[in-house]
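# Structure assessment
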Amino acid sequence: MFDLNKIIRPNIHTLKPYSSARDEFSGKEGVFLDANENPFGELNRYPDPHQNELKKKLAQLKGTTTENIFIGNGSDEVIDLAFKLFCNPGIDKALIFSPTYGMYEVSANINNIELIKLPLNNEFQINIAAVTNYLFDEQVKLIFICSPNNPTGNCINTKDIEFILVNFQGVVMIDEAYIDFSEKTSWLEQLNQYSNLIVIQTFSKAWGLAAARVGIAYSTMAIIQFFTKVKPPYNVSLLNQQAAIDALSKKEEFEKNKKIILTEKRMLEAALRDSSLIKRIYPSDANFLLVEVIDANQIYSDLVRRKIITRNRHSVIYNCIRITVGSPEENQALINALREMSK
């Protein structure tokens, strides 16, 4: 059975969190002489350290409570804090399934955590036989599952994730950065069934706020309390909080833009199939396509010369490039360039 007290690092249990001026007084009216702020300017006051307004809107949208939500400075902060919470440096381990999002490994290295990398199979799915022994390794405290996965684009099989959640005694983080583009159900709906589950989402993709750096972790109240305990006091700026709040108030625009992206994705996929430069298009539940080409390095360079920037993933997946679905005009520019290159 999962025991959070055994997973949290001992020093985190005894940590006394920083108490900011806005923790001690959260009112909005008064003469504020408590936080050493400049009395002049439009952005001179510290933001709400608990992002309460944003959490309320997210709770309403997602059908959960504010106590189950943590707001990070991008999902990268959520990932980094997870290592700090659950893994003792130089002792504990984390596990990922590769190829996947590169920040898991970077953050593990920064925090001096050994990272076990298990390769996905030919369908970019988890090899359950390979992972089973690690589920009972007491030093493995954290497993990351990116679904839809980056850079492959596919969702991970539900039954495989369920097997890991049921049998693993550590924390499972399911990164759903691209879930809004998928027809698959979010793992948020299973949050109450698994006490070791953390679901990561973001405003960077479908909500179009990559520059604002707003990430979200959904989990049990007990886990969220520990994230809140170790975060920097004002980790999300007022500007970024407001950008996310404004985006949530424009649900019709969100749905309209998402529909355009998904329509363009189908069109782009059809056009790529007609190109002699393309050998394979992998199935995608995200807003990008992983494409096997005849020569990834050459095609990437030729596109760059035409000022069209894709992502060369040849070093990760042989002869593959990753193509983000752009605007109709951007996608057409890519198609035209590929046609010229294939002549």
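This text goes with the structure placed above it.
Predicted model only: the values in this text are computed from it and were never measured.

Right, let's get into the pairing of strand S6 (residues 197–202). Consecutive side chains along a regular strand alternate between the two faces of the sheet. The element S6 is extensively covered by neighbouring structure, given that six of its six residues are classed as buried. Going residue by residue along S6, you find Leu 197, Val 199 and Gln 201 tucked away on one face and Ile 198, Ile 200 and Thr 202 tucked away on the opposite face as well. Of the pairings in the sheet, the one linking S6 to strand S7 (residues 215–218) comprises four bridges and is antiparallel in character. Across the sheet, Val 199 pairs through a bridge with Tyr 218, a residue of S7.

The next point concerns the nonpolar core. Counting 75 residues, the largest nonpolar core has Phe 97, Ile 164 and Phe 203 as the members making the most contacts within it. Setting aside residues up to four positions removed in sequence, Phe 203 forms contacts with Leu 54, Leu 58, Gly 208, Leu 209, Ala 210, Val 214, Ile 216, Ala 244 and Leu 248. Membership of the second largest hydrophobic core comes to 33 residues, among which are Leu 4, Val 78, Val 171 and Ile 198.

Considering the arrangement of structural elements, one finds Ser 275 in the loop between helix H11 (251–273) and strand S8 (278–281). Within the structure, Ser 275 has its side chain in polar contact with the backbone nitrogen of Leu 277 (distance 3.2 Å).

Here we take up the packing of aromatic side chains. Scanning all chains against the criterion turns up 10 aromatic pairs. Between the aromatic rings of Phe 83 and Phe 144, the centroid separation amounts to 5.4 Å while the plane-to-plane angle is 40 degrees, which identifies the pairing as tilted. On the criterion of sequence distance, the pair formed by Phe 83 in helix H5 (residues 75–86) and Phe 144 in strand S4 (residues 140–146) is long-range, its members being 61 residues apart. On the basis of relative accessibility, which here comes to 0%, the residue Phe 83 falls in the buried class. Here Phe 144 falls in the buried class, since its relative accessible area comes to 2%. Between the aromatic rings of Tyr 178 and Phe 288, the centroid separation amounts to 5.1 Å while the plane-to-plane angle is 80 degrees, which identifies the pairing as edge-to-face. Placement of Tyr 178 in the loop between strand S5 (171–175) and S6 and of Phe 288 in strand S9 (residues 288–293) is noted, with a sequence separation of 110 residues between them. The pair formed by Tyr 178 and Phe 288 is uniform in burial state, with each residue classed as buried. Aromatic rings pair up to connect Phe 83, Tyr 101, Tyr 104 and Phe 144 into one cluster. Sitting over the ring of Phe 288, Arg 322 keeps its end group 5.6 Å from the ring centre.

What counts, and at which threshold
- Residues numbered from 1 in each chain as written.
- Predicted model: local features only at pLDDT ≥ 70, side-chain atom pairs only at ≥ 80, totals over all residues.
- Heavy atoms only, no water.
- Buried < 20%, exposed > 50% of the residue type's maximum accessible area, 1.4 Å probe, protein only.
- Helix = DSSP H or I, 4+ residues; strand = E, 2+ residues; numbered from the N terminus.
- Pairing = 2+ DSSP bridges.
- Core = buried A, V, L, I, M, F, W, Y, C linked by side-chain atoms within 4.5 Å.
- Contact = heavy atoms within 4.5 Å.
- Polar contact = N/O pair within 3.5 Å; in protein donor to acceptor, adjacent residues only side chain to side chain.
- Phe/Tyr/Trp six-rings, centres within 6.5 Å; stacked < 30°, edge-to-face > 60°.
- Lys NZ or Arg CZ within 6 Å of the ring centre and 35° of its normal.

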